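What follows is each chain in one-letter form.
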Amino acid sequence: MLKLVDISQQFGDKVLYENLNLQINDGEHVGLTGQNGAGKSTLIKIITGEVLPEKGSIELSKNQTIGYLDQYVRLDEELTIYEFLKQAFTEEFAMEEEIGKLYESYSEIFDDLLLEKAGKLQTQLDQSEFYQMDALIQETAVGLGLDVLGSDTFLKNLSGGQRSKVILAKLLLEKPAVLILDEPTNHLDDIHVQWLTSFLQNFSRTFFVVSHDQQFLDEITTHVADIEFGTLTKYAGNVTKALKQKEADQETYMKRYETQKKQIEKTENYIRKNKAGSRSKMAKSREKQLAKVERLTPPTNQIQPTFDFPYKGIVATFAVTTQDLVIGYEKPLLNPINLTIRYGEKVALKGFNGIGKSTLLKTLIGQIPALSGAYDYPANTKIGYFEQELIWEFPLQTPLQYLGNVFPETSSKELRRQLSRCGLSDQLVQKPLKLLSGGEQSKVRLAQLTLRPSNFLILDEPTNHMDQKTKERLQDTLGNYQGTVLVVSHEQEFYTPFADRTIDIEKQKKKE
């Protein structure tokens with residue numbers, strides 16, 4: 001269905017991959033894995049034609065369509081959700097219109113060939129899902145949690161997360177021959193991730209998906225394509241099976257790399273010592289042989305993040321209390337909220353996407369005014385906030401410049417140190433924010449939290465773009481944090497190890 005041939009790509013001095021090859025066959029469900037910055041999103045952009053590879057080519061089977069989850073695609077904002085989802089059946093609508101025109105022409109010239117053509121098109125339409133369109137739209141809308149928004153809601157009134165779900169819904173309804181999904185679970189809560197999991201498990205066609213949600217990938221994949229050491233390896237089986245095979249392969253690779261490295265060093269020493277002496281002929285011969293050696297890519301020196309959120313202690317019984325707090329924009333999203341979180345408690349906030357979790361957090365930090373009611377913190381509360389959206393006021397700034405503006409009194413050396421501790425190399429801290437991967441941008445946000453003392457961390461979907469190792473480090477750090485933690489996350493396996501309790505915001509849902 002899809003073939004990548006000798007793809008090479010690099011940005012500056014960083015080689016993402018060299019002569020990368022991959023073949024995806026009909027019906028395969030392939031998960032793309034690799035650490036933050038390995039080049040997963042870039043590879044997706046190469047496949048979809050958004051980025052041209054420096055070398056290599058993409059081959060697609062004839063007459064096959066690629067469907068891509070592009071969360072930033074421009075939409076007609078004046079369409080309703082229903083009108084937008086109906087566009088998934090554009091071909092069928094065109095076919096229905098053509099049938100009408102053929103019958104109209106037949107009524108004028110009575111040519112039986114027109115009837116024959118109309119009959120064939122009608123058979124095609126009958127065999128498609130066109131006449132089940134409304135039921136399928138409703139099923140998909142319920143599955144992804146769009147039904148609560150109302151099918152007559154205009155796209156211009158949707159939040160970024162709601163918009164992403166609508167785009168995903170249309171793509172699933174289109175059922176292209178090759179479905180390409182980049183982080184499809186980012187804006188879904190647990191119940192809708194389960195629905196998407198079931199949909200993809202039963203998807204008869206081919207898909208290629210990038211996700212940092214290992215449990216999700218484990219349940220939907222038949223194959224795994226993993227990027228590491230600048231190369232891509234395809235494994236049969238799900239992520240768990242692939243990781244076991246990968247460990248064994250890495251051990252073998254490291255032995256080969258070390259053996260080759262020693263041999264090259266030994267040959268180079270011989271050439272250096274004998275280039276000008278009596279053995280110069282032999283040295284030149286070995287130099288030519290060495291030039292022909294296909295050198296193994298050195299292991300990537302991936303920085304393992306270490307998070308340390310400085311704690312400023314206070315004496316308090318409660319971290320935050322709310323009194324009939326009403327949140328929303330023009331209209332309330334929920335019933336009045338009466339919430340009490342004890343100091344030092346670690347709380348996870350759950351509920352379907354769009355219900356108001358992010359709005360509640362933004363209200364509690366003062367970014368959005370409450371519609372009514374109140375909330376109260378003890379004196380000397382210091383809040384550290386992680387924002388879900390990776391939107392930067394100046395996207396061409398480097399991480400170093402961004403943090404330098406936020407913390408003008410902190411030395412460049414200290415800023416570099418904290419960025420490095422959070423897993424960003426010296427090369428990345430000097431790269432524009434908009435060119436960093438989602439995971440790398442999240443690490444800049446986390447680095448910001450390590451530079452200011454806090455006693456109350458409020459985190460909105462912190463793991464959306466994170467690789468598994470980074471997630472585990474953050475999980476451990478939050479578990480050991482002395483202050484209070486309030487976290488919104490759709491990944492139950494992330495917050496369960498450290499959360500003292502879970503609050504289901506759905507129970508606060510506004511009664512009609």
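Under an unreviewed UniProt entry, the protein has the name ATPase component of an ABC superfamily transporter and belongs to Tetragenococcus muriaticus 3MR10-3.

Novice: How would you sum up the overall build of the protein? Please name residues and give values.
Specialist: Regarding its fold elements, the protein presents 16 helices and 17 strands. Projected onto the principal axes, the alpha-carbon positions of the protein cover approximately 95 × 80 × 40 Å. Across the 512 residues that make up the protein, the buried fraction comes to 48%. Considering only contacts within the protein whose residues lie at least 6 apart along the sequence, 72% involve residues at least 24 apart. The distance from the centre of the 61 positive side-chain charges to the centre of the 70 negative ones in the protein is 12 Å.

Novice: I'd love a proper account of the packing of aromatic side chains, names of residues and values included.
Specialist: As enumerated under the stated definition, the model contains 12 aromatic pairs in all. With 6.0 Å between their ring centres and 80 degrees between their planes, Y377 and F456 make a pair best called edge-to-face. Note that Y377 is positioned in the loop between β13 (372-376) and β14 (383-386) and F456 in strand β15 (residues 456-460), a separation of 79 residues in sequence. Each of the two residues, Y377 as well as F456, counts as buried. A connected cluster of aromatic rings, assembled from ring pairs, spans W195, F199, F203 and F207. Sitting above the plane of the F154 ring, K156 keeps its charged end 5.6 Å from the centroid.

Novice: Give me the domain arrangement of the protein: which residues, what numbers.
Specialist: Along its sequence, the protein is carved into domain 1 (1-65 + 176-237), domain 2 (74-159), domain 3 (250-291) and domain 4 (318-508). Computed from C-alpha coordinates alone, the two centres of domain 2 and domain 3 are separated by 66 Å.

Novice: Would you mind going over the sheet that holds strand β10 (residues 318-326) in detail, with residue names and values included?
Specialist: Pairing in this open sheet of 3 strands is antiparallel, and the strands run β11-β10-β13 from one edge to the other. A strand with exactly one partner marks an edge of an open sheet, and here the two such strands are β11 (340-342) and β13. Averaged over all pairs of adjacent strands, the angle between strand axes in this sheet comes to 5 degrees, irrespective of strand direction. Sheet topology note: the β10/β13 ladder contains 4 bridges and is antiparallel. If you follow V326 over to β13, its bridge partner there is S372. Lying on the sheet, helix α11 (residues 357-364) is in contact with β10 and β13; it crosses β10 at an angle near 115 degrees.

Novice: Would you mind going over helix α14 (residues 438-450) in detail, with residue names and values included?
Specialist: Spanning 13 residues, α14 covers 19 Å between terminal C-alpha atoms, matching the ideal 18 Å at 1.5 Å per step. Burial runs high along α14: 13 of the 13 residues are buried.

Novice: I'd like a description of the pattern of salt bridges, backed by residues and values.
Specialist: What the rule picks out here adds up to 14 salt bridges. Residue E116 is joined to K120 by a salt bridge in which the shortest nitrogen-to-oxygen separation is 3.7 Å. A residue pair is termed a helical-turn pair when its members lie 3 or 4 positions apart in one helix, as E116 and K120 do in helix α4 (residues 112-127) at 4 residues. A residue is classified by how much of its surface remains accessible, and E116, at 46% relative accessible area, is partly exposed. Between R417 and E414 there is a salt bridge, with the nearest N and O atoms lying 3.0 Å from each other. With a gap of 3 residues between them, R417 and E414 both fall in helix α13 (residues 412-421), about one helical turn apart. Under the relative-accessibility criterion, R417 is labelled partly exposed at 42%. Taking relative accessible area as the criterion, E414 reaches 24% and is therefore assigned partly exposed.

Novice: Any details on the environment of M254? Residues and values, ideally.
Specialist: Tracing the backbone through its elements, the reader meets M254 in helix α9 (residues 239-274). A residue is classified by how much of its surface remains accessible, and M254, at 30% relative accessible area, is partly exposed. Along the chain, M254 and E18 lie 236 residues apart, while their C-alpha atoms are 18 Å from each other.

Novice: Hey, could you go over the pairing of β10 for me, with residue numbers and the actual values?
Specialist: Sheet faces and side chains relate simply in a regular strand, where the side chains alternate between the two faces. Where β10 lies against β11, 3 bridges are found, and the strand directions are antiparallel. Residue pairing across strands places F318 opposite R342, the latter belonging to β11.

Reading the values: the criteria
Residues numbered from 1 in each chain as written. Predicted model: local features only at pLDDT ≥ 70, side-chain atom pairs only at ≥ 80, totals over all residues. Heavy atoms only, no water. Helix = DSSP H or I, 4+ residues; strand = E, 2+ residues; numbered from the N terminus. Buried < 20%, exposed > 50% of the residue type's maximum accessible area, 1.4 Å probe, protein only. Contact = heavy atoms within 4.5 Å. Lys, Arg positive; Asp, Glu negative; His and termini not counted. Charge placed at Lys NZ, Arg CZ, Asp CG, Glu CD. Phe/Tyr/Trp six-rings, centres within 6.5 Å; stacked < 30°, edge-to-face > 60°. Lys NZ or Arg CZ within 6 Å of the ring centre and 35° of its normal. Domains from an automatic or database assignment. Pairing = 2+ DSSP bridges. Axes fitted to C-alpha atoms, helices over the stretch in contact; angles between N-to-C directions. Expected span 1.5 Å × (residues − 1). Salt bridge = Lys/Arg side-chain N within 4 Å of Asp/Glu carboxyl O.

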